[in-house]
Amino acid sequence: MKIIVFGGDGFCGWPTSLRLSRDGHEVLIIDNLSRRKIDYKLGLRSLVKIQSISKRVQTWNKINKKKIKFLKIDTSKEYKKLEKAFVKFKPNAVIYFSEQRSAPYSMKNIHTMNYTIENNLLGNNNVLYLIAKYNKNCHFIHLGTMGVYGYEFSKQLVPEGYYNSKLYYNKSKYIKKKILHPADPGSIYHMTKAQDELLFQLYNKLYKLKITDLHQGVVWGFSTNETRLHPDLINRIDYDGDYGTVLNRFFMQSIIGHPLTIYGTGGQVRPFINIQNTTDCISLAIQNPPKKNKVRILNQLCEAKKIKDLALQISKITKAKYKSFKNPRIERENNSLIAKPIGLLNMGLNLIKISDEKLLEEYNFLKVNKINFKKKLIIPSSTWKIK
């Protein structure tokens, strides 16, 4: 199968590109390398040095029979270049990772807010338009987020995308209808993902596109079976307040003796998934394409945990202390969340849970590779308050 991975140089996109290539697919990465540029602007860098995209691809192509190609294109701004590449490559499927993925970064200031909106929505629409124009049988797979659901509806099992509703037109009469689960985004980033959902519904209704929207949880871990094959293939590791996911931040705080930064009460329940399972889910979605009569939405997580329980688990392993810090976000600090990856389990997904053994393995790896660590980046610089 011929597959374009948009955003294939990124945290989820790179290991997914390798996985698909190793599965025997012909992969084209299209990326504008904006994540690397954001690192430069913010004074950040991955904890471990990552190679240039050209070096990454060159190394992989020496290892694997199915070669990966790369094109530098901005999907939100360079429509003509994008169109030319799409028509020439003729993909059977596209994987869309080309969205600014950090909620804190999206709330940093008006410029990062607008950038997130423009990049995420315009790029998405450009690719959907190309599929509708040139190949309606091309399967569009989008990495969404569990965050679009919010946490107001979380005392019951969160359905996979759709909600059985009663729409009243007076006090006693109503019609039953299955609608998109009510969106309740908590940041500009999550808001763009909620708007993505409406774009998908529109393109499916008008042009019958095959669309899978994967509502993913917080990713933990950084290596996969493929990235471990050679040092040049290593994935990026973020630990800062903008892009570092909670496990990486807790680990690095443990290593330097800084208290684990629990925001507020720590009662926030969040869904989690290992990076290896992210690549598994994409592979399963490709193997099991949806029908054209409806946008398929799959919840992509392995488990849900309270942040303070996660801190306690890491504290027992690393002997680190933990402390409540003023929450930089505007959010509910205590919630429930009941969610399962029902569709993906039915396809054969094997869940990787946050075990003590896995945590210790990652902690030891980060401890050895702490040379590029910058202590000032541990505390978040982005807040939800308008300054």
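The structure this text deals with has already been given above.
Residues numbered from 1 in each chain as written. Predicted model: local features only at pLDDT ≥ 70, side-chain atom pairs only at ≥ 80, totals over all residues. Heavy atoms only, no water.

Student: Help me understand the packing of aromatic side chains, please; the structure alone is not making it clear to me.
Tutor: Geometry of an aromatic ring pair is reported as the spacing of the ring centres plus the angle between the planes. This model, assessed by the stated rule, comprises 10 aromatic pairs. Judged by centre distance (5.7 Å) and plane angle (40 degrees), the rings of Tyr105 and Tyr243 are tilted. Of the two residues, Tyr105 sits in helix H5 (residues 103–106) while Tyr243 sits in the loop between strand S9 (218–220) and helix H8 (246–256), which places them 138 residues apart along the sequence. Judged by relative accessible area, Tyr243 falls into the buried class, the value being 4%. Aromatic ring contacts, followed pair by pair, group Phe6, Tyr96, Phe140 and Phe200 into a single cluster. If you follow Lys2 out to its NZ or CZ, it ends over the ring of Phe89, 4.8 Å from the centre. Just above the ring of Tyr162 sits the side chain of Lys294; from NZ or CZ to the centre is 4.2 Å. (Phe/Tyr/Trp six-rings, centres within 6.5 Å; stacked < 30°, edge-to-face > 60°. Helix = DSSP H or I, 4+ residues; strand = E, 2+ residues; numbered from the N terminus. Buried < 20%, exposed > 50% of the residue type's maximum accessible area, 1.4 Å probe, protein only. Lys NZ or Arg CZ within 6 Å of the ring centre and 35° of its normal.)

Student: What is the right way to read the sheet that holds strand S11 (residues 269–274) from this model?
Tutor: Strand-to-strand pairing in sheets goes through backbone hydrogen bonds, with the strands running parallel or antiparallel. In space, the three strands of this open sheet follow the order S9-S11-S13, with mixed pairing throughout. Strands at the two margins of the open sheet, each flanked by one partner only, are S9 and strand S13 (303–306). Put simply, the sheet's adjacent strands are angled 45 degrees from each other on average, direction ignored. Relative to S13, S11 is paired through four bridges, and the arrangement is antiparallel. (Pairing = 2+ DSSP bridges. Axes fitted to C-alpha atoms, helices over the stretch in contact; angles between N-to-C directions.)

Student: Just checking my understanding: could you explain the sheet that holds strand S3 (residues 68–72) for this structure?
Tutor: Strand order in this open sheet of seven strands is S3-S2-S1-S4-S5-S8-S12, and the pairing throughout is parallel. Only two strands of the sheet have a single partner each, and these edge strands are S3 and strand S12 (296–300). Adjacent strand axes in the sheet meet at a mean angle of 20 degrees, parallel and antiparallel pairs treated alike. Two strands pair when backbone bridges link them, and strand S4 (residues 93–96) and strand S5 (residues 139–145) are joined in this way by four bridges, in the parallel orientation. Within S5, the position partnered with Ile95 by the bridge is Ile141. Running over the sheet, helix H6 (residues 110–134) touches strand S1 (2–6), S4, S5 and strand S8 (210–216) and is turned about 175 degrees from S4. (Contact = heavy atoms within 4.5 Å.)

Student: What am I meant to see in the side chain of Asn124 here?
Tutor: Structurally, the position occupied by Asn124 is in helix H6. Asn124 gets classed as buried once you look at its relative accessible area, which sits at 0%. Not counting the four nearest positions on each side in its chain, Asn124 is found in contact with Tyr96, Glu99, Phe140, His142, Asp196, Leu199 and Phe200.

Student: For this particular structure, what's the right way to read unusual backbone geometry?
Tutor: Apart from glycine, the bulk of residues carry a negative phi angle, and the bulk of peptide bonds sit in the trans form. Of note in this structure, Lys208 is not a glycine but carries a positive phi near 60 degrees. Take Lys208: it is sitting in the loop between helix H7 (188–207) and S8. For Lys208, a relative accessible area of 43% gives the class partly exposed. Its identity as a non-glycine residue notwithstanding, Lys319 has a phi of 65 degrees, on the positive side. Exposure remark for Lys319: the relative accessible area of 68% places this residue in the exposed category.

Student: Would you mind going over helix H12 (residues 356–368) with me for this structure?
Tutor: Side chains that are three or four residues apart share a direction in an α-helix, a result of its 3.6 residues per turn. When the terminal C-alpha atoms of H12 are compared, their 18 Å separation across 13 residues agrees well with the 18 Å that a helix rising 1.5 Å per residue should span. All of the buried residues along H12 are Leu359, Glu362, Tyr363 and Leu366. In a view along the axis of H12, the buried residues occupy a sector of 105 degrees, so they form one face of it. Away from the buried face of H12 by more than 90 degrees, exposed residues Glu357 and Val368 are located. Summarising the contacts, the buried residues of H12 are in contact with S9, H8, S11 and helix H10 (307–318). (Expected span 1.5 Å × (residues − 1). Arc of directions from axis to C-beta.)

Student: Any chance you could explain the side chain of Asn327 here in plain terms?
Tutor: Relative to the assigned elements, Asn327 resides in the loop between strand S14 (322–325) and helix H11 (342–347). Among the polar contacts listed, one links the side chain of Asn327 to the side chain of Glu331, at a separation of 2.9 Å. Filtering out sequence-adjacent residues up to four positions away, Asn327 remains in contact with Tyr263, Gly264, Gln268 and Glu333. (Polar contact = N/O pair within 3.5 Å; in protein donor to acceptor, adjacent residues only side chain to side chain.)

Student: It is not clear to me how the pattern of salt bridges should be interpreted in this structure. Could you clarify?
Tutor: Opposite charge on two side chains permits pairing when their charged atoms draw close. By the definition in use, this model includes 17 salt bridges. In this structure, the salt-bridge partner of Asp238 is Arg35, at a minimum N-O distance of 3.2 Å. One end of the pair, Asp238, is in the loop between S9 and H8; the other, Arg35, is in helix H2 (residues 34–42), with 203 residues separating them in the sequence. Residues participating in the shared-partner salt-bridge network are Arg35, Asp39, Arg101, Arg236 and Asp238. (Salt bridge = Lys/Arg side-chain N within 4 Å of Asp/Glu carboxyl O.)

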